[in-house]
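In case you want the letters, here they are:
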Amino acid sequence: MLRTVEGVYQNGQIQLTELPPDVSDRAQVLVTFIEAGKINPEQLRQLIEQLETIAGIQQGLAEVDAGKARPIGDFIQDIEQNYGISD
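Residues numbered from 1 in each chain as written. Predicted model: local features only at pLDDT ≥ 70, side-chain atom pairs only at ≥ 80, totals over all residues. Heavy atoms only, no water.

A count of helical and extended segments in the protein gives 2 helices and 2 strands. Reading the helices (α) and strands (β) of the protein from amino to carboxyl end gives β-β-α-α. Computed over C-alpha atoms, the radius of gyration of the protein comes to 20 Å, more than 25% over the 12 Å expected from 2.2 N^0.38 for 87 residues, which places it beyond the range of a compact globule. Here the C-alpha coordinates of the protein stretch approximately 65 × 30 × 20 Å along the principal axes. (Helix = DSSP H or I, 4+ residues; strand = E, 2+ residues; numbered from the N terminus. Rg over C-alpha atoms; globule rule 2.2 N^0.38 Å.)

This is the structure we're talking about:
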């Protein structure tokens, strides 16, 4: 899961403006320093969305690697049977 929160770096420490409720005590983080006035808020939102998409793809690939996926043919067959769809 990827979650983005705003914070401030000051005196060698990062202070978050909020703490997500379901973050563990030892969560890994990525920190990006943004020079004030140098990034458009819309561009920042697009970057965050791209990072969230990448995290979702990584999670999906991890599920496939863990055997939590099934062949597409089986899925289609189940859908056809469940909804009375025939070729």
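What follows continues from the structure just given.
The next thing to look at is unusual backbone geometry. The backbone phi angle of Asn11 is positive, close to 55°, even though this residue is not glycine. Here Asn11 lies in the loop between strand 1 (7-10) and strand 2 (13-16). Classification of Asn11 by relative accessible area gives exposed; the value is 73%. (Buried < 20%, exposed > 50% of the residue type's maximum accessible area, 1.4 Å probe, protein only.)

Let's shift gears to helix 1 (residues 41-65). Owing to its 3.6 residues per turn, the α-helix brings residues three or four apart onto one side. Between its first and last C-alpha, helix 1 extends 36 Å over 25 residues, near the 36 Å set by a 1.5 Å rise per residue. For helix 1, the capping residue at the N-terminal end is Asn40, with a side-chain oxygen 2.6 Å from the backbone nitrogen of Glu42. At the C-terminal side of helix 1, Gly67 shows a positive phi close to 80°. (Expected span 1.5 Å × (residues − 1). Polar contact = N/O pair within 3.5 Å; in protein donor to acceptor, adjacent residues only side chain to side chain.)

Bridge count for strand 1 against strand 2 is 4 bridges, and the pairing is antiparallel. The residue of strand 2 that forms the bridge with Gly7 is Leu16. From the end of strand 1 to the start of strand 2, which pair antiparallel, there are 2 residues, and Asn11 there has a positive phi angle of about 55°. (Pairing = 2+ DSSP bridges.)

Overall, the prediction assigns the protein a mean pLDDT of 86, with 97% of residues at 70 or greater. Mean pLDDT across the elements of the protein bottoms out in strand 1 (87) and peaks in helix 2 (residues 72-83) (92). (pLDDT = per-residue confidence, 0-100.)

Enumeration according to the criterion identifies 1 aromatic pair in this entry. Seen in terms of ring centroids, Tyr9 and Phe33 are 5.3 Å apart; in terms of plane orientation they differ by 85°. Their pairing is edge-to-face. Pair noted here: Tyr9 is in strand 1 and Phe33 is in the loop between strand 2 and helix 1, with a separation of 24 residues, a long-range link. The exposure class of Phe33 is exposed, given its relative accessible area of 59%. (Phe/Tyr/Trp six-rings, centres within 6.5 Å; stacked < 30°, edge-to-face > 60°.)

Time to look at the pattern of salt bridges. Across all of its chains, the model carries 3 salt bridges by this definition. Put simply, Glu49 and Arg45 hold a salt bridge, and the shortest N to O gap is 3.4 Å. Taken together, the residues Glu49 and Arg45, both in helix 1 and 4 residues apart, mark about one turn of the helix. With relative accessibility at 40%, the residue Glu49 sits in the partly exposed group. A salt bridge links Asp78 to Arg70; the nearest nitrogen and oxygen atoms lie 2.3 Å apart. In this structure, a network of salt bridges that share partners links the residues Arg45, Glu49 and Glu52. (Salt bridge = Lys/Arg side-chain N within 4 Å of Asp/Glu carboxyl O.)

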